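Here is what each chain is made of, one letter per residue.
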Amino acid sequence: MATESAGPEGGARPKVTITAIAQEAGVSVPTVSRVVNGRSDVSPETRARVENLLRLHGYRRRQTAPGDRAALLDLVFNDLDSPWAVEIIRGVEEVAHQDGVGTVVSAIHGRAGAARQWMKNLRARASDGVILVTSVLEPVLHEELRRLNVPIVVVDPAGAPALDAPTIGATNWAGGMAATEHLLSLGHRRIGFIAGPPRLLCSRARLDGHRAALESAGVPYDQALVAQGDFYHKSGFVGCDQLMDAATPPTAVFASSDQMALGAIEALRRRGLRVPEDVSVVGFDDLPEVRWSAPPLTTVRQPLAEMGKLAARTVLRQARGEEIESPRVELATALVVRASTAAPSTA
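Since this is a predicted model, take the numbers as computed values, not measurements.

The next subject is the overall build of the protein. The number of helices and strands found in the protein is eleven helices and twelve strands. Burial statistics for the protein: of 347 residues in total, 51% are counted as buried. The contacts in the protein between residues at least 6 apart in sequence include a share of 73% that link residues at least 24 apart. Carbon and sulfur atoms form 53% of the exposed surface of the protein, whose accessible area is close to 15500 Å².

On the secondary structure map, Phe 231 appears in the loop between β7 (226–228) and α9 (233–244). Each C-alpha atom of the pair Phe 231 and Ala 255 lies 8.5 Å from the other, and the pair is 24 residues apart in sequence.

Turning next to the packing of aromatic side chains. In the structure shown here, the tally under the stated rule is one aromatic pair. Taken together, a centroid distance of 5.1 Å and an interplanar angle of 85° make the contact between Phe 193 and Phe 254 edge-to-face. In this pair, Phe 193 sits in strand β6 (residues 191–195) while Phe 254 sits in strand β8 (residues 252–255), placing the two residues 61 residues apart along the sequence. With respect to class, Phe 193 is no different from Phe 254; both count as buried. Arg 211 extends its terminal NZ or CZ atom over the ring of Tyr 221, reaching a point 4.1 Å from the ring centre.

For the rest of this paragraph, the subject is the pattern of salt bridges. Within the structure shown, the criterion is met by twelve salt bridges. We note a salt bridge from Arg 317 to Glu 325, for which the minimum N-O separation is 3.8 Å. Under the relative-accessibility criterion, Arg 317 is labelled partly exposed at 29%. The network of salt bridges with shared partners includes Asp 241, Asp 245 and Arg 271.

Taken residue by residue, the protein gives an average pLDDT of 86. The fraction at 70 or more is 86%. In this model residues 1–13 is a low-confidence stretch, pLDDT under 50, and it forms 42 contacts with partners more than four residues away in sequence or in other chains. Taken together, the stretch residues 62–70 has pLDDT below 50 and engages in 27 contacts with residues farther than four places along the chain or on a different chain.

Glancing now at helix α8 (residues 201–216). In this model α8 runs 22 Å from its N-terminal to its C-terminal C-alpha over 16 residues, within 8% of the 22 Å that 1.5 Å per residue would give. For α8, every residue scored as buried is listed here: Cys 202, Ser 203, Ala 205, Arg 206, Gly 209, His 210, Ala 212, Ala 213 and Leu 214. Buried positions along α8 lie against α7 (172–185), β6, β8 and β9 (280–285).

Moving on, we come to the sheet that holds strand β11 (residues 328–331). Strands sit in the order β2-β1-β3-β4-β5-β11 across an open sheet of six strands; the sheet is parallel. A strand with exactly one partner marks an edge of an open sheet, and here the two such strands are β2 (102–107) and β11. Neighbour-to-neighbour, the strand axes of the sheet open up by a mean angle of 20°, direction not taken into account. Sheet topology places strand β1 (residues 72–77) next to β2; six bridges connect them, and they run parallel. Residue Leu 75 lies in a different strand from β2, and its bridge partner there is Val 105. Relative to β1, helix α4 (residues 83–98) is tilted by about 170°, and along the sheet it contacts β1, β2, β3 (129–133) and β4 (152–155).

What counts as what
Residues numbered from 1 in each chain as written. Predicted model: local features only at pLDDT ≥ 70, side-chain atom pairs only at ≥ 80, totals over all residues. Heavy atoms only, no water. Helix = DSSP H or I, 4+ residues; strand = E, 2+ residues; numbered from the N terminus. Buried < 20%, exposed > 50% of the residue type's maximum accessible area, 1.4 Å probe, protein only. Contact = heavy atoms within 4.5 Å. Areas by Shrake-Rupley, 256 points an atom, 1.4 Å probe, with all protein chains shown as cover. Phe/Tyr/Trp six-rings, centres within 6.5 Å; stacked < 30°, edge-to-face > 60°. Lys NZ or Arg CZ within 6 Å of the ring centre and 35° of its normal. Salt bridge = Lys/Arg side-chain N within 4 Å of Asp/Glu carboxyl O. pLDDT = per-residue confidence, 0-100. Expected span 1.5 Å × (residues − 1). Pairing = 2+ DSSP bridges. Axes fitted to C-alpha atoms, helices over the stretch in contact; angles between N-to-C directions.

Structure (structure tokens):
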């Protein structure tokens, strides 16, 4: 049987019990329990009456008895049209499957209407936890999540987390520094950088790491060698074209996502430039496809599947009322050197 819980709103709020809901609805405690647990053996009229009272009182199933398991997780992205998202899903699904937990995957596409519809669906299905991946929600939706008292974990937060929730990320600054240090060690001094969306904390951290590596090596940071992208192929193509149109083009390009790096390689190919003989290229993510690109891509490995696994384990522990190890976790990135980087041409 589900245990009692209610979300606070503006401070402490008295908890409502299944017994109180049953008394007010004029039904038995087992009937309310069946509604809470999604059982089908309740008449539509009774179900509607009980669900209305559950919503009215802000009742949420938050903890389970010892040995019980959470039944459903919500995994929310801005978009799903990226191998990056697939890797996160793969990690979450692995842990959820092991725990016998279902996963609902949603994309809100950065639209307020889609986010509000997701919130409506969340209330209806009473998920045991939510994993938000680089998703930006309206303040009113933040307040609604707090009111529902649903366990939340944020993966790769867009900025300073607006929710009082654990966050899972990667060492983006260190990864940006490692990629640029690799190019510097090969002898490159004019290094182009294709940045991700500036609103994202991970984008800013990668650029800051790149800049720190340049400054540490005594190489001046040049804003003209930075092109703006959005993590997708086309912006890498366009950004690389912009960099190569300079009077003195770079001898290497560091794209802050693998997809942008692949776009950059295509832009160089269309100019008749070879990678890495004429221009070196480094990416960020280590998506499965880049080891098979031509040439295989040097990149910074971001442990995406591991981030998904840790997010799922963390939110499930919260759902069971267990302590979490840390409210903020950053998993290590690592440089993976393949065939897309070499010393600059002397020609």
